[in-house]
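Analysis of the macromolecular model
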Amino acid sequence: MKKYVAIAMLGMVLSPLVNAAGNSGWRTIKQIKIESANFITIYPTVDFENPDECGKSNMAMIKFSDLSKDAKLSVALAAYMGGKRIQTYMAGCEPTPWSYTVPVVYNLVIGD
């Protein structure tokens, strides 16, 4: 019985990690766009790595429904203005109005 409880607890601890598939690689930001009232797109100079195999990876999405969207946008703008590279952890794919899916930004890091 203890074995099953331990396995169940391990599953609960690791399950949040399953949704976020991996890093985007370090990229320089080419462009940041506010796309209507739905989301923000970050365009890198070189396509993001595509751990979730989304339709395209020439941009990444920050959804307006994301509670940390303002902080993520601030980090992206700071990196863009400072000429620094970013790395994101992607969390799945989301459809766009252009009939393909793109990676969703889970977190954002500025680096050299």
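This text goes with the structure placed above it.
What counts and how
- Residues numbered from 1 in each chain as written.
- Predicted model: local features only at pLDDT ≥ 70, side-chain atom pairs only at ≥ 80, totals over all residues.
- Heavy atoms only, no water.
- Helix = DSSP H or I, 4+ residues; strand = E, 2+ residues; numbered from the N terminus.
- Buried < 20%, exposed > 50% of the residue type's maximum accessible area, 1.4 Å probe, protein only.
- Contact = heavy atoms within 4.5 Å.
- Areas by Shrake-Rupley, 256 points an atom, 1.4 Å probe, with all protein chains shown as cover.
- Phe/Tyr/Trp six-rings, centres within 6.5 Å; stacked < 30°, edge-to-face > 60°.
- Lys NZ or Arg CZ within 6 Å of the ring centre and 35° of its normal.
- Polar contact = N/O pair within 3.5 Å; in protein donor to acceptor, adjacent residues only side chain to side chain.
- Salt bridge = Lys/Arg side-chain N within 4 Å of Asp/Glu carboxyl O.

Counting its regular elements, the protein contains two helices and six strands. Secondary structure elements in the protein, listed N-terminal to C-terminal, are α-β-β-β-β-α-β-β. The 112 residues of the protein split such that 34% are buried. When contacts within the protein are restricted to residue pairs at least 6 apart in sequence, those whose partners lie at least 24 apart make up 56%. Approximately 6,800 Å² of the protein is accessible, and the part contributed by carbon and sulfur atoms is 59%.

To continue, consider the packing of aromatic side chains. Overall, the coordinates contain two aromatic pairs when judged by the stated rule. Arranged with centres 6.1 Å apart and planes meeting at 90°, the rings of Phe-39 and Trp-98 form a pair that is edge-to-face. Of the two residues, Phe-39 is situated in strand E3 (residues 39-44) and Trp-98 in the loop between strand E5 (85-95) and strand E6 (101-111); the sequence distance between them amounts to 59 residues. Residue classification places Trp-98 among the partly exposed residues on the basis of a relative accessible area of 35%. Members of the aromatic cluster, each reached through a chain of ring pairs, are Phe-39, Trp-98 and Tyr-100. Looking at Lys-56, its charged tip hangs above the ring of Tyr-100, at a distance of 4.6 Å from the centre.

Tracing the backbone shows Arg-27 in strand E2 (residues 27-35). Reaching out from Arg-27, the side chain makes a polar contact with the backbone oxygen of Val-46 at a distance of 3.3 Å. With residues up to four places along the chain from it excluded, the contact list for Arg-27 reads Pro-44, Val-46, Asp-47, Phe-48, Glu-49, Arg-85 and Ile-86.

Taken as a whole and judged by the stated rule, the model has three salt bridges. The salt bridge involving Lys-33 is made with Glu-35; its shortest N-O contact spans 3.5 Å. For Glu-35, a relative accessible area of 11% corresponds to the buried category. Ionic pairing is found between Asp-66 and Lys-72, a salt bridge with its closest N-O pair at 2.4 Å. Summarising the burial analysis for this pair, Asp-66 and Lys-72 share the class buried.

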